[in-house]
Each structure stands twice: as structure tokens, then as C-alpha cells.
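One-letter residues, chain by chain:
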Amino acid sequence: MSDDVRELVDRSLRGDQSAMVELVEQYRGQVFGLCYRMLRHRQDAEDVTQESFVRALKSLRKWDRQRDFLPWLLAIAGNRCRTLLSTRMRQPAASPLVEHLGDNTLAITEANNLAEEVELALGTLRAEYRQAFLLFHQHELSYAEISATLDCPLGTVKTWVHRARRELIARLVKRGVVEELRHEVRRV
Amino acid sequence: MKCEEFEDRLNQALDQRRRPEWDADLRVHCDYCAECRELAAAYGVLLDAFYALATPEPPADLSVRVLDELRSRPSTSRRVSLATALVAMAAAALFVLPVLHSVRDRSDEGPRRASGPVALRSTQRGNGSRAGWNEIDALPVVGPVLVSISDDDETTDPYAELAKGTGQGLASVVLYMPSIGSSPGMISPNVVSGAPSWPQRVSEGLKPVTESVSETLDLLLRALPMSESASRS
């Protein structure tokens, strides 16, 4: 990790607001990207991104300076997303999750291209699978970094990413986006 | 390579951020196995589509919103300090208020007579006023200490009775806790093991520790605003 980030963190800890702004500007795309893909709802993603930065800035002292800053920041954002997702689970009526669209024709019409289908399929994944998948493929974190970020064993992270891939493909097959596979898919 | 191994190898390649076609074994297997070729193609479709996904831009005023939010919240350190101070005051009150209660009770009721065979010297367990303890001081204190203080002149506590019989060999300590109840009570330890235990018999009016603690905290919280206003003045 570059020393620039450490310097920004040091300045932020001294109360330098311009350093805080720089930190937010530097990482806002990645944090918002994760939140948006996790939550699939722009307003929620904005709120959670803001909350994640606020929490991160308030607990900068807890950041382990030996580690990269981004995984730590994404861990905070991921936790906030999962908290919100679990809240949604308890309030199904307010949930914007894809499951509620079902496999009806209207949904197919709306999601008429592959990208949208993949995005819809992402919404059907379990939160842990989705987060691990996004951290690996979207943010290009290593398995070791994801393991530290999610605070779970590396093998578990691998399993989650593999399951995420498989379930996404199964979803695409179900939606007719990908042809029916003859290959027997083994359980991970 | 067998078909059963294909998907694992495919995932391994993707884990290393390599395209499946770069793996010679996978490529060769796909050349003669249509089913595995379909599977590899499906993975390719998925990841190509995923990487093509456009992420919307984050709000432009995010940093402003974050700073505004930071300003609107009290700092964590201040909250921690306040919490620490409250806990410290509560802990202090747990020790101080019972003593004050004890002093007040004794001064209201006059000297209380200690019963039981061996009395505690006030200098050894000085948890209150010395009023009424002069006569106890005169008693010899030998071996394990037994303190029994009760509103009744005659104690019916079995352990105290046992103590009477055995004298100095009794390995028991009865703790007097004037702070716990509105009237003093006796808590008997486990005589056999010598380990403290909850009372077998409790004087009327003796309250559980949790209740006493919550009362004390309540008293403290009621007293807080008064303290603040007093400090301001």
C-alpha cells in the first residue's frame, strides 16, 4: 500500500478535513460499487456508502497499518450491507430484492439483456456468496485479503466464490440466458 | 482429465485470474468433450457479462455528506469518556452509598448488639460507624471470625449455633453486609468447605444483590443532575 494513504489517515486522525475528503474521494467508487452490487438499490447504496465512510473515519485508529486500507474499508461497507440485507429479510414487503420479481414474463421483458440478467442473478445469491464474489471479481482482492476482510477461513471464501459462480450459472440457465447444461454439476 | 475434475480445474484457473483457454489440459479436454465445453462457455458468458456491468457513479457530494454527518455526531472518544465516568461513579457509589446507609441506620437505631459466639472487631471489618461496637471490641477474637448481626437477640442460624458449640475451630465466616437490605441480615457461608455461598436463611427485608445494585444506580442517576447543577453554581 502506498504511503499516501497512511499519510491521509494520519492527517485525518489529526482532524484535517481535507485529508478526509481525499480519502472519501479516493475510495468512493469502490465502496459505492460494492454497496450497489450488494444492495441493488441506488438510494440504499448511497446511504450505506455514506455510513461506511463515517464509520471508517470515526474508527481510523482501529485500522491495522500493516494491512491494506481498501479491504478494511470494504469490510466495513460489506458489514453495513449485510446488516441492511438482514433488515430487509425481516421486512419482505419493503424489499427490492430480485426474488420478488420471480420468473415472470414482465421480469424477462425488463431484464432483456445479459448484463441485467447477471445483475438480477446476483441479487438471488446469499449475502456471503455475493460479497465474496464481488470482492474477488469486482474488486480483485486476493483470497487471503477476502479471508481477512470477512474474518473467515480462506477455504470458506473459496467455496463461497465457487458456489456463487455455480449458482449464477444455474440462474442464467433457469432464465434461458444460457443453454441447458448437460454437464453434471457437482456440489461444492 | 476426467469430466468430474473439469469444473474444479476450471474454477482453479478462474481463481488464478486466468482464462480457461490458457490452461492446456482444459483446452484439450474441451476439444473432445462437448458437455464440458458447454460448461466452460457458460462460465465465460457469466464472467464476460459481469465484467461488462456498468456501476453507476457514486453521488458527487458524498464527501460533503460524510463530513456533515461526522460533524453532527458526537465524537466516540467523548462518549466513551462519559460512559467511563458514569461507570466509575456507579462503582464508587456501590461502595460509598451502602456505607452511608449503614451509618444512618445505626445512628437511627442506636447500638446494635452482636450475637453469636465470636464477634468481629470493628477494626478488622470496618464497614460503618463504630457506634455500638465498643463492647464487641472487648471480646476476644480467636481463629476464624464469625460475625452475626441480627435484629433478634437470639439467632436461630444453624451455623451460628454450630459455631457456639465448636468455638475457635469453626471454619466459617459469616459476612455482614449492611448495605444489602433495609435491615441487616446474616449471610452464612458454606461451613463444610469454607467457600462462600448464598444464604440459607435471610433476615426479613434482606434484598438480593441485583436489586440493591439497581437501587443504588437509580439513586446515583437521580443525584447526577443535582451534582451537575451544583458544580455549575
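Model, not experiment: these values are computed from the prediction. (Residues numbered from 1 in each chain as written. Chains lettered and ligands numbered in written order. Predicted model: local features only at pLDDT ≥ 70, side-chain atom pairs only at ≥ 80, totals over all residues.)

Is there a simple way to explain the overall build of chain A in this structure?
Helix and strand counts for chain A come out as 9 helices and 0 strands. Going from N to C terminus, chain A has its helices and strands arranged as α-α-α-α-α-α-α-α-α. Burial status across chain A gives 37% buried among its 188 residues. Long-range contacts, defined here as pairs at least 24 residues apart, represent 63% of the contacts in chain A between residues at least 6 apart. (Helix = DSSP H or I, 4+ residues; strand = E, 2+ residues; numbered from the N terminus. Buried ≥ 20, exposed ≤ 12 C-beta atoms within 10 Å, placed from the backbone. Contact = placed C-beta atoms within 7 Å.)

How should I be thinking about the nonpolar core in this particular structure?
Buried together is how nonpolar side chains tend to be arranged in soluble globular proteins. Among the nonpolar cores identified, the biggest contains 63 residues, and Val31, Cys35, Ala77 and Ala132 of chain A together with Leu46 of chain B are the most heavily contacted of them. Element by element, the count of residues in this core is highest for helix H2 (residues 17–39) of chain A, at 11 residues. Not counting residues up to four positions away in its chain, the partners in contact with cysteine 35 of chain A are Ala45, Val48, Thr49, Ala77 and Cys81 of chain A. (Core = buried A, V, L, I, M, F, W, Y, C linked by C-beta atoms within 7 Å.)

Looking at this structure, how should I read the confidence of the model for chain A?
Detail in the predicted coordinates should be disregarded across regions flagged by low pLDDT. Looking at chain A as a whole, its pLDDT mean stands at 83, while 85% of the residues score no less than 70. The least confident element of chain A, judged by mean pLDDT, is helix H5 (residues 105–110) of chain A at 48; the most confident is helix H3 (residues 42–58) of chain A at 93. (pLDDT = per-residue confidence, 0-100.)

How should I be thinking about helix H4 (residues 69–90) of chain A in this particular structure?
Think of an α-helix as 3.6 residues a turn; residues three or four steps apart then line up on the same face. Residue and element names in this part refer to chain A. Between its first and last C-alpha atoms H4 spans 32 Å; for 22 residues at 1.5 Å apiece the expected length is 32 Å, and the two agree. Considered for burial, the residues of H4 that qualify are Phe69, Pro71, Leu73, Leu74, Ala75, Ile76, Ala77, Gly78, Arg80, Cys81 and Leu84. Looking at the buried residues of H4, the elements they touch are helix H1 (3–13), H2, H3, helix H7 (127–138) and helix H8 (143–150). (Expected span 1.5 Å × (residues − 1).)

What is the right way to read the interface of chain B and chain A from this model?
In many reports, interface size means the accessible area that the parts give up when they come together. Counting residues at the interface gives 29 residues for chain B, matched by 36 residues for chain A. Those elements that provide at least two residues to the side of chain B that touches chain A are helix H1 (3–15), helix H3 (34–51) and helix H4 (62–72) of chain B. For the side of chain B that touches chain A, a count of residues per class yields 18 nonpolar, 4 polar and 7 charged. (Nonpolar A, V, L, I, M, F, W, Y, C, P; charged D, E, K, R; others polar.)

Honestly, the environment of arginine 126 of chain A in this entry has me stumped. Any pointers?
Assignment of secondary structure puts arginine 126 of chain A in the loop between helix H6 (114–124) and H7. Between the alpha carbons of arginine 126 of chain A and alanine 164 of chain A there is a distance of 8.3 Å; along the sequence they are 38 residues apart.

Explanation requested: unusual backbone geometry in the structure shown.
One can expect most non-glycine residues to show negative phi and most peptide bonds to be in trans. All names here are of chain A. Phi angles above zero are rare outside glycine, and arginine 40 is one such case at about 55°. By secondary structure assignment, the location of arginine 40 is in the loop between H2 and H3. One non-glycine residue with positive phi stands out, namely aspartate 151, at about 55°.

What is the right way to read the packing of H7 of chain A against helix H9 (residues 154–174) of chain A from this model?
Helix packing for two helices is described by the angle between their axes and how far apart those axes are. Residues and elements named next belong to chain A. H9 packs onto H7 with a crossing angle of 95° between their chain directions and a minimal axis gap of 8 Å. Classified by the angle between their axes, H7 and H9 sit roughly perpendicular to one another. Within the contact between the two elements, H7 uses Glu128, Tyr129, Arg130, Ala132, Phe133 and Phe136 and H9 uses Val157, Trp160, Val161, Arg163, Ala164 and Glu167. Class assignment of the residues belonging to the contact of H7 with H9 gives a composition of 8 nonpolar, no polar and 4 charged. (Axes fitted to C-alpha atoms, helices over the stretch in contact; angles between N-to-C directions. Parallel < 35°, antiparallel > 145°, perpendicular 65-115°, else oblique.)

Just checking my understanding: could you explain the confidence of the model for chain B for this structure?
Residue and element names in this part refer to chain B. On average, residues of chain B score 65 in pLDDT, and 47% of them are at 70 or above. By mean pLDDT, strand S2 (residues 148–149) is the weakest element of chain B at 39, and H4 is the strongest at 89. Counting interchain partners and residues more than four positions distant, the pLDDT-below-50 stretch residues 112–163 has 99 contacts. As a predicted assembly, this complex carries a pTM of 0.57 together with an ipTM value of 0.78.

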